[in-house]
Amino acid sequence: MDRKSRGNGGMRGRKKMSKVVKFGGSSLANAEQFKKVADIIHADKSRRYVVPSAPGKRFKEDTKVTDMLYDCYALADAGKDFKKALQEIKKRYQEIIDGLKLELSLEDEFNVIEKCFKEKAGRDYAASRGEYLNGIVLAAYLGFEFIDAAEVIFFDEEGSWDGTKIHDVLNKRVMGCKNVVIPGFYGSLPDGRIKTFSRGGSDITGSIVAQAVGVDVYENWTDVSGVLIADPRIIDNPKGIEVVTYRELRELSYMGFNVLHEDAIFPVRVEGIPINIRNTNAPEDEGTWIVGSTCQKSKYVITGIAGKKGFCSVSVEKDMMNSEIGFGRKVLTAFEDQGISFEHMPSGIDTLTVFVHQDEFMDKEQKVVAGIHRMVKPDAIEIESDLALIAVVGRGMKSTRGTAGRIFSALAHSNVNVKMIDQGSSELNIIIGVNNADFETAIRAIYDIFVLTAV
């Protein structure tokens, strides 16, 4: 399918196309950014449902409003005077209102916030006010109806979002509404208290709204022109990704990609709703399309490279372990008993290695070692720290021979010692373990062999 058909949603059988558009904090940091957002929304009548984040940084040394709210509430919670801190937050919003020349007052809203802070309404309530207030301002500027997310986004007693209730309530609430603004990042618990998603949770709100109202496209507007093949802090001007599948992005997000909150994939995935990552500061750019599946081939063999530092490997050796029923389960039980999750577990005939986060493992390593000895009576246990894991992801690898060989060759040429390599049965990704010190060098080597030499 061509670019237009990727985003037109015609296969969904709707006469009028509709979109959810989510804007991140950098897109709404000041009045000038608000104007860009309004131009984007008004340029396409199908952009009916708008999900804003709280104001982000206006410049490098600036503070995000969400962090200002956390700091302000910490003072309130400690019984200290927080009025000055709250006044600084109020100034941020007033600066935006004045810049947009709006006839709007948030005085009553801030009076309620001050009262709730004094009554210690909780950190979630405090953090949510950034999106709540920004939603009010944006709705006023656009001339759209404002809907408090607490009235339509619901969590159950365990803190998971209640998809069925959200679908029923939200559809009734937006029925007959031409355009609405629903703040991101928060909702309400059964007792009415405010609960937030994890940081970056406005992405999830946008995805949930997209699923609930059955839109054709979920546009996620940020400060980059889509998803990049590699981290621009490591690779100078990395190439962008035109199309990536949900599965590919899930793998990349887990290993450090932060363009989209990893949990934002699930709600739209079940409905087959594509996500379009766009740049508020360059709206003419096509961005990246995130889809369920596609017949389009990647421009390169790989789709993306991502990774994290700070892992330990625990290698367990025992002769004939492969014939010992339950050996792997017993080893993992030693980690589970200490509340430690594992990342990867490559194995050989007589060895099994478990990769875990170093900061979780360090204080409990001897308890884990003792547990392994008790469970499986190993011949030896070897622990290595300061390791990094790198994921090379791409649907194109399945139909390309020698991908792992090219990775080994590129790393060897760059004098990087490979500690581990693990390829999933789906052939969608290859995980490589290297020393922390070799992390950036390894990513550059892999990028060079698959992207630069392929041009």
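Predicted, not measured: the structure shown is a model, and the values here were computed from it.

Student: Would you take a moment to explain the sheet that holds strand 16 (residues 429-435) for this structure?
Tutor: Strand pairing in a sheet relies on backbone hydrogen bonds. The paired strands run either parallel or antiparallel. Taken in spatial order, the six strands line up as 12-13-11-14-16-15 in an open sheet, and their pairing is antiparallel. For this open sheet the edge positions go to strand 12 (342-344) and strand 15 (420-423), each flanked by a neighbour on one side alone. Neighbouring strand axes in the sheet, compared pairwise and without regard to direction, differ in orientation by 40° on average. Note that strand 15 and strand 16 share four bridges and pair antiparallel. Following the sheet pairing, Ile421 is matched in strand 16 by Ile432. In this fold helix 11 (residues 327-336) packs onto strand 11 (304-317), strand 12 and strand 13 (351-357), with an angle of close to 30° to the strand it touches most, strand 13. Sitting on the sheet, helix 13 (residues 365-376) is in contact with strand 11 and strand 14 (380-393), with an inclination near 105° to strand 14.

Student: Can you walk me through the sheet that holds strand 8 (residues 243-245) in this structure?
Tutor: As summarised here, the arrangement of the eight strands in space is 3-4-2-1-7-9-10-8, forming an open sheet in which the pairing is mixed. Looking at strand neighbours, the two that pair on one side only are strand 3 (145-146) and strand 8, the edges of this open sheet. In this sheet, strand 10 (residues 288-291) lies alongside strand 9 (residues 275-279) in antiparallel orientation, the contact comprising three bridges. By the bridge assignment for strand 10, Ile275 is matched with Ile290.

Student: Please clarify how the packing of helix 2 (residues 31-42) against helix 6 (residues 123-142) should be interpreted in this entry.
Tutor: Two measures define how a pair of helices packs: the angle their axes make with one another and the distance between the axes. Packing of helix 2 against helix 6 brings their axes to within 11 Å, and their N-to-C directions diverge by 55°. Relative to helix 6, helix 2 is oriented oblique. Crossing angle aside, the handedness with which helix 2 passes helix 6 is right-handed. Touching Phe34, Lys35, Val37, Ala38, Ile41 and His42 of helix 2 are Asn134, Val137, Leu138, Tyr141 and Leu142, all from helix 6.

Student: Would you take a moment to explain helix 11 for this structure?
Tutor: Side chains of residues three or four places apart in an α-helix project in the same direction, reflecting 3.6 residues per turn. Most of helix 11 is tucked away, with seven of its ten residues classed as buried. Along helix 11, the residues classified as buried are Phe327, Gly328, Val331, Leu332, Thr333, Ala334 and Phe335. On the buried face of helix 11, the contacting elements are strand 11, strand 12, strand 13, helix 12 (358-361) and helix 13.

Student: In this structure, what is going on with a negative patch on the surface? I would like to understand it.
Tutor: Among the surface-exposed residues, Glu317, Asp319, Asp379 and Glu382 lie close enough to one another that they form a single negatively charged patch. Within the secondary structure, Glu317 is located in strand 11.

Criteria and cut-off values
Residues numbered from 1 in each chain as written. Predicted model: local features only at pLDDT ≥ 70, side-chain atom pairs only at ≥ 80, totals over all residues. Heavy atoms only, no water. Pairing = 2+ DSSP bridges. Helix = DSSP H or I, 4+ residues; strand = E, 2+ residues; numbered from the N terminus. Axes fitted to C-alpha atoms, helices over the stretch in contact; angles between N-to-C directions. Contact = heavy atoms within 4.5 Å. Parallel < 35°, antiparallel > 145°, perpendicular 65-115°, else oblique. Left-handed = near helix turned anticlockwise from the far one by under 90°. Buried < 20%, exposed > 50% of the residue type's maximum accessible area, 1.4 Å probe, protein only. Patch = residues over 30% accessible without salt bridge, like charges linked within 9 Å, V, L, I, M, F, W, Y side chains within 5 Å. Areas by Shrake-Rupley, 256 points an atom, 1.4 Å probe, with all protein chains shown as cover. Salt bridge = Lys/Arg side-chain N within 4 Å of Asp/Glu carboxyl O. Lys, Arg positive; Asp, Glu negative; His and termini not counted. Charge placed at Lys NZ, Arg CZ, Asp CG, Glu CD.

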